[in-house]
Amino acid sequence: CSSDLIDWRDKDAELIFKRATRNMKNGDFVLMHPTAHTLEALPEILKFYSDNGYSAATVSTSLG
């Protein structure tokens with residue numbers, strides 16, 4: 001499964017966090033863009049993943 005955060009359009013760190021953490025399952029891909037609001041949300045997203053037993057990796061790392 002994959003999730004597009006639409007972070008390029010909706011410049012709201014809280015909304016980005018909610019989209020990145022809602023209904024997560026092991027192996028999901030989450031599409032993020034290099035925006036200021038994504039960067040603002042990223043530490044909390046990564047903490048949520050870690051606290052819930054997930055780890056984050058780049059696509060190239062995941063597929064390699």
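Conventions adopted
Residues numbered from 1 in each chain as written. Predicted model: local features only at pLDDT ≥ 70, side-chain atom pairs only at ≥ 80, totals over all residues. Heavy atoms only, no water. Helix = DSSP H or I, 4+ residues; strand = E, 2+ residues; numbered from the N terminus. Rg over C-alpha atoms; globule rule 2.2 N^0.38 Å. Contact = heavy atoms within 4.5 Å. Areas by Shrake-Rupley, 256 points an atom, 1.4 Å probe, with all protein chains shown as cover. Lys, Arg positive; Asp, Glu negative; His and termini not counted. Charge placed at Lys NZ, Arg CZ, Asp CG, Glu CD. Salt bridge = Lys/Arg side-chain N within 4 Å of Asp/Glu carboxyl O. Buried < 20%, exposed > 50% of the residue type's maximum accessible area, 1.4 Å probe, protein only. pLDDT = per-residue confidence, 0-100. Expected span 1.5 Å × (residues − 1). Bend = angle between axes of the 7 residues up to and from the residue. Phe/Tyr/Trp six-rings, centres within 6.5 Å; stacked < 30°, edge-to-face > 60°.

(A) Representation of the overall build of the chain. Secondary structure assignment for the chain yields three helices and two strands. In the chain, the order of α-helices and β-strands from amino to carboxyl end is β-α-β-α-α. For 64 residues, the compact-globule formula gives about 11 Å, and the C-alpha radius of gyration of the chain, at 11 Å, lands near that figure. Its C-alpha atoms give the chain principal-axis dimensions of about 30 × 25 × 20 Å. Counted over contacts in the chain with a minimum sequence separation of 6, partners at least 24 positions apart contribute 69%. Approximately 4,600 Å² of the chain is accessible, and the part contributed by carbon and sulfur atoms is 56%. Looking at charge distribution, the chain has the averaged site of its 7 positive side-chain charges lying 5 Å from that of its 9 negative ones.

(B) Here's a closer look at the pattern of salt bridges. All chains considered together, the criterion is met by four salt bridges. Among the ionic pairs, R19 bridges to D10, the shortest N-O distance being 2.8 Å. D10 gets classed as buried once you look at its relative accessible area, which sits at 17%. Taken together, the shared-partner salt bridges in this structure form one network comprising R9, D10 and R19.

(C) Layout of the confidence of the model for the chain. Confidence in the prediction of the chain, expressed as mean pLDDT, is 90, and 94% of residues score 70 or more. When mean pLDDT is compared element by element in the chain, helix α2 (residues 36-51) scores highest at 96, while helix α3 (residues 59-63) scores lowest at 75.

(D) Fine view of α2. Across its 16 residues, α2 extends 24 Å between first and last C-alpha, which sits within 8% of the 22 Å expected from 1.5 Å per residue. Largest kink in α2: about 40°, centred on L42, with the proline P43 one to four residues after it. Every buried residue belonging to α2 is among T38, A41, I45 and Y49, and all of these are buried. Turning to α2, the residues buried within the fold contact α1 (13-21) and β2 (29-31).

(E) Just the packing of aromatic side chains, in detail. Scanning the model with the defined rule gives three aromatic pairs in all. Centre to centre, the rings of F48 and Y49 are 6.2 Å apart; their planes meet at 65°, and the pair counts as edge-to-face. A residue is classified by how much of its surface remains accessible, and F48, at 26% relative accessible area, is partly exposed. Its relative accessible area of 7% is what places Y49 among the buried residues. Feature note: the residues F17, F48, Y49 and Y54 constitute an aromatic cluster, connected by ring pairs.

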